[in-house]
Amino acid sequence: MNKKTIRKYEKSLASNWSIRVKTKDQIGDNYDGVIFNIKEDFIALREERDFEFDGIIILVKKFIKSCRDGKIEKCCNEILKINDEIKKIDKPEWLNNCENIKQVLEKMMERDIWPGVETLFKLNKKVQTAFYLGPITNCDKMSFFLKCYDASGKWEKVYKINYDEVFRIEFDSK
């Protein structure tokens, strides 16, 4: 991670300043929001959509390409101040005690938080993604287990997911 990106993280953290986080090419997603937690392996941000705050997104740093803090973000931050949305940022304190993704998922299991988890893995030499949603049933040394339901709302099975495959964790979203 370069110094410029680290400074943008720290600005967002210190000033409740919304920035855009860009992920690496195999994913290519962007996430807008205010960073409220910076750890060695991940960042946590309150996502901003349409000038309102929504859920919490935890992004693993090794998948982050860069972040943007330009004129678009300056305009967005002015709107967030004017509409008083900036005062509504909820920052879960329990995340402060988590140093890695394993600890985040263990705390979520303890608190009965059902996360959305996006993973990256290689299949036939190509990077693939998968998204899982449901309660965490167990955590062990290298992986965790998620009882998932599908897009139609039907329960599927319990999936075993390795911590090193986790790209993004999302919770508390509309």
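That block above? That's the structure.
In this text the structure is predicted, and so the values were computed from the model without any measurement.

Undergrad: Sorry if this is basic, but what is going on with helix α1 (residues 3–15) here?
TA: Since the α-helix turns once every 3.6 residues, residues separated by three or four places project in the same direction. With 13 residues, α1 ought to run about 18 Å at 1.5 Å a step, and its terminal C-alpha atoms sit 18 Å apart, in line with that. Listed in full, the buried residues belonging to α1 are T5, K8, Y9 and S12. Down the axis of α1, the buried side of the element spans an arc of 100°, and every buried residue falls inside it. Residues of α1 that are exposed and point more than 90 degrees away from the buried face comprise K3, K4, R7 and A14. Buried residues in α1 make contact with β1 (18–23), β2 (30–38), β3 (42–49) and β5 (64–68). Two or three places before K4, at the start of α1, stands the capping residue N2, its side-chain oxygen 3.2 Å from that residue's backbone nitrogen. In the stretch just after α1, N16 is the one whose phi turns positive, near 50°.

Undergrad: Got a minute to help me understand the nonpolar core in this structure?
TA: As a rule of thumb, nonpolar side chains are buried together in soluble globular proteins. Core analysis: the largest hydrophobic core is formed by 43 residues, its most contacted members being I58, L59, L95, I101, L105, M108 and F144. If one sorts the elements of this core by residue count, strand β4 (residues 52–60) sits on top with five residues. Discounting residues that sit within four places of it in the chain, I101 has contacts with F42, I58, V60, Y163, V166 and I169. Ranked by size, the runner-up nonpolar core spans six residues in total, among them V34, F53, C76 and L80.

Undergrad: Explanation requested: the sheet that holds β2 in the structure shown.
TA: Think of a sheet as strands paired side by side through backbone hydrogen bonds, with each pair either parallel or antiparallel. On the basis of which strands lie adjacent, the open sheet formed by eight strands has the order β5-β1-β2-β3-β4-β11-β6-β7 and antiparallel pairing. Either end of the sheet is taken by a strand with one partner, and the two such strands are β5 and β7 (126–133). Averaged over all neighbouring strand pairs, the angle between strand axes comes to 35°, with direction disregarded. Two strands pair when backbone bridges link them, and β1 and β5 are joined in this way by four bridges, in the antiparallel orientation. Its bridge partner being in β5, K22 is matched across the sheet by S66. Most of the contacts of α1 go to β2, to which it runs at about 75°, and overall it touches β1, β2, β3 and β5. Contacts between helix α2 (residues 71–82) and the sheet are confined to β1, β3, β4 and β5, with β1 contributing the most and set at about 135° to the helix.

Undergrad: Explanation requested: the pairing of strand β9 (residues 143–149) in the structure shown.
TA: Along a regular strand, successive side chains alternate from one face of the sheet to the other. In terms of residue burial, β9 counts as a mostly covered element, since five of its seven residues are buried. Note: strand β8 (residues 136–139) against β9, three bridges, orientation antiparallel. Its bridge partner being in β9, N138 is matched across the sheet by F145. Examined bridge by bridge, β9 and strand β10 (residues 155–162) share six bridges and lie antiparallel to one another. Along β10, the bridge assignment pairs F145 with K160. Hairpin connection between β9 and β10: a loop of five residues separates the two successive antiparallel strands, and G153 in this loop has a positive phi of roughly 90°.

Undergrad: Mind showing me how you'd approach the pairing of β1 here?
TA: Pairing of β1 with β2 involves five bridges; the strand directions are antiparallel. Looking at β2, one finds that R20 is bridged to D32.

Undergrad: What's the story with the state of the cysteines in this structure? I'm lost.
TA: Where two cysteines share a covalent bond between their sulfur atoms, that bond is called a disulfide. This structure, assessed with the given rule, holds zero disulfides. Here C67 stays unpaired: no disulfide links it, and the sulfur of C76, its closest cysteine neighbor, is 14 Å away. Taking relative accessible area as the criterion, C67 reaches 6% and is therefore assigned buried. The structure places no disulfide on C76, whose sulfur is separated from the nearest cysteine sulfur, that of C75, by 7.4 Å.

The rules behind the values
- Residues numbered from 1 in each chain as written.
- Predicted model: local features only at pLDDT ≥ 70, side-chain atom pairs only at ≥ 80, totals over all residues.
- Heavy atoms only, no water.
- Helix = DSSP H or I, 4+ residues; strand = E, 2+ residues; numbered from the N terminus.
- Expected span 1.5 Å × (residues − 1).
- Buried < 20%, exposed > 50% of the residue type's maximum accessible area, 1.4 Å probe, protein only.
- Arc of directions from axis to C-beta.
- Contact = heavy atoms within 4.5 Å.
- Polar contact = N/O pair within 3.5 Å; in protein donor to acceptor, adjacent residues only side chain to side chain.
- Core = buried A, V, L, I, M, F, W, Y, C linked by side-chain atoms within 4.5 Å.
- Pairing = 2+ DSSP bridges.
- Axes fitted to C-alpha atoms, helices over the stretch in contact; angles between N-to-C directions.
- Disulfide = S-S within 2.5 Å.

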